[in-house]
Amino acid sequence: MKTLIRKTIAGNEYWDSEAKRTLFVPKGKNPDFEVTENAVSIITPEGDSVTLMLQEEQQESSDEDQEVVEEVFDDQEPVGDEEKPDLENMTAKQLRDYAKKQGIDIPAAIRAKGDILQIIQESGK
């Protein structure tokens with residue numbers, strides 16, 4: 001079964017479900033194979049009940065399951081007490097991302113890892 005998956009300026013792309021590959025037909029040419037129009041599903045067979053089974057599992061869950069999850073979270077430390085990451089082992093890009101999350105402004109002209117690290121340490125965050 002071959003179905004149309006994408007139309008581009010250069011032509012159309014089709015998925016060959018038997019050969020498990022894409023086929024390209026340039027614009028202005030007709031495909032030399034039979035194209036399946038309005039395929040019901042390429043991924044799963046019709047009547048697949050995976051979604052229904054997940055919904056049934058959620059309905060069957062009891063309050064006891066939820067309490068166990070809550071107990072695990074109660075034993076953990078609060079999120080605000082997280083330790084600072086090891087800044088020395090981060091790349092310059094990672095340091096920039098960390099600074100952005102912490103609200104530290106790093107000028108675009110500063111590129112060196114050491115300079116970025118110094119700005120982060122001086123900010124005290």
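All residue numbers refer to positions counted from 1 along the written sequence of the respective chain. Two thresholds apply to this predicted model, a pLDDT of at least 70 for residue-level local features and 80 or more for giving and counting side-chain atom pairs, whereas whole-chain, interface and lining totals are computed over all residues. To get the side-chain values, all heavy atoms of the structure are used, and hydrogens and water are removed first.

## Side note on the nonpolar core
- By convention a nonpolar core is built from buried Ala, Val, Leu, Ile, Met, Phe, Trp, Tyr and Cys residues, the set being connected through side-chain atoms within 4.5 Å. Three labels apply to residues, based on accessible area from a 1.4 Å probe with only protein chains included: buried if under 20% of the type maximum, exposed if over 50%, partly exposed otherwise in between. Counting residues in each nonpolar core, the largest one holds 10 residues, listed as Leu87, Met90, Leu95, Tyr98, Ala99, Ile104, Ile106, Ile116, Leu117 and Ile120.
- Of all the secondary-structure elements, those providing two or more residues to this core are helix H3 (92-102) and helix H4 (113-123). Labels follow the DSSP assignment, with helices taken as runs of H or I lasting at least four residues and strands as runs of E lasting at least two, numbered in each case from the N terminus.

## Observations concerning the packing of H3 against H4
- At a closest axis distance of 9 Å, the pairing of H3 and H4 adopts a crossing angle of 20°. Between H3 and H4, the crossing angle belongs to the class labelled roughly parallel. Seen along the crossing, H3 lies across H4 with a hand that is left-handed. Across the interface between the two elements, Ala92, Leu95, Arg96, Tyr98 and Ala99 of H3 pack against Lys113, Ile116, Leu117 and Ile120 of H4.
- Polarity classes work like this: nonpolar for Ala, Val, Leu, Ile, Met, Phe, Trp, Tyr, Cys and Pro, charged for Asp, Glu, Lys and Arg, and polar for all others, with Gly in that last group. The residue makeup of the contact of H3 with H4, split by class, is seven nonpolar, no polar and two charged. Lines are fitted to the C-alpha atoms to define the axes, a helix being fitted only along its stretch in contact, and any angle between axes, read from their N-to-C directions, falls within 0 to 180 degrees. Oblique is the label for any angle not under 35 degrees, not over 145, and not in the 65 to 115 range, which are roughly parallel, roughly antiparallel and roughly perpendicular in turn. Note on convention: near helix rotated counterclockwise from far helix by under a right angle means a left-handed crossing. Clockwise means right-handed. We call two residues contacting when some pair of their heavy atoms lies within 4.5 Å.

## Focus: the packing of aromatic side chains
- Any Phe, Tyr or Trp ring, taking Trp's six-membered ring, that has another such ring centre within 6.5 Å forms a pair; planes under 30 degrees apart are called stacked, those over 60 apart edge-to-face, and the others tilted. This structure, assessed with the given rule, holds one aromatic pair.
- On the numbers, 5.3 Å between centres and 85° between planes, the contact of Tyr14 with Phe33 is edge-to-face. With Tyr14 in strand S2 (residues 11-16) and Phe33 in the loop between strand S3 (21-26) and helix H1 (50-60), this residue pair connects regions lying 19 residues apart in the sequence.
- Taking relative accessible area as the criterion, Tyr14 reaches 6% and is therefore assigned buried.

## Some points on unusual backbone geometry
- The residue Lys20 is not glycine, and still its phi comes out positive at about 55°.
- Secondary-structure assignment places Lys20 in the loop between S2 and S3.
- For Lys20, a relative accessible area of 59% puts it in the exposed group.

## A look at the sheet that holds S2
- What makes two strands pair is DSSP finding at least two bridges between them. Taken in spatial order, the three strands make up an open sheet running S1-S2-S3, and their pairing is antiparallel. The open sheet has two edge strands, strand S1 (2-7) and S3, and neither has a second partner. Sheet twist, expressed as the average angle between the axes of neighbouring strands with direction ignored, equals 30°.
- Here five bridges tie S1 to S2, and the two strands are oriented antiparallel to one another. Residue pairing for S2: Lys2 is matched across the bridge by Asp16.

## Observations concerning the pairing of S3
- Two elements, S2 and S3, share six bridges in a ladder whose sense is antiparallel. Paired with Asn12 across the bridge in S3 is Val25.

## Remarks on the pattern of salt bridges
- A pair is scored as a salt bridge if a Lys or Arg side-chain nitrogen falls within 4 Å of a carboxyl oxygen belonging to Asp or Glu. Within the structure shown, the criterion is met by three salt bridges.
- The closest approach of N and O atoms between Lys2 and Asp16, which form a salt bridge, is 3.9 Å. Of this pair, Lys2 sits in strand S1 while Asp16 sits in strand S2, placing them 14 residues apart in sequence. Each of the two residues, Lys2 as well as Asp16, counts as buried.
- Of the charged contacts, one joins Arg6 and Glu13 as a salt bridge, the two residues approaching to 2.9 Å between their closest N and O atoms.
- We classify Glu13 as buried; its relative accessible area is 16%.

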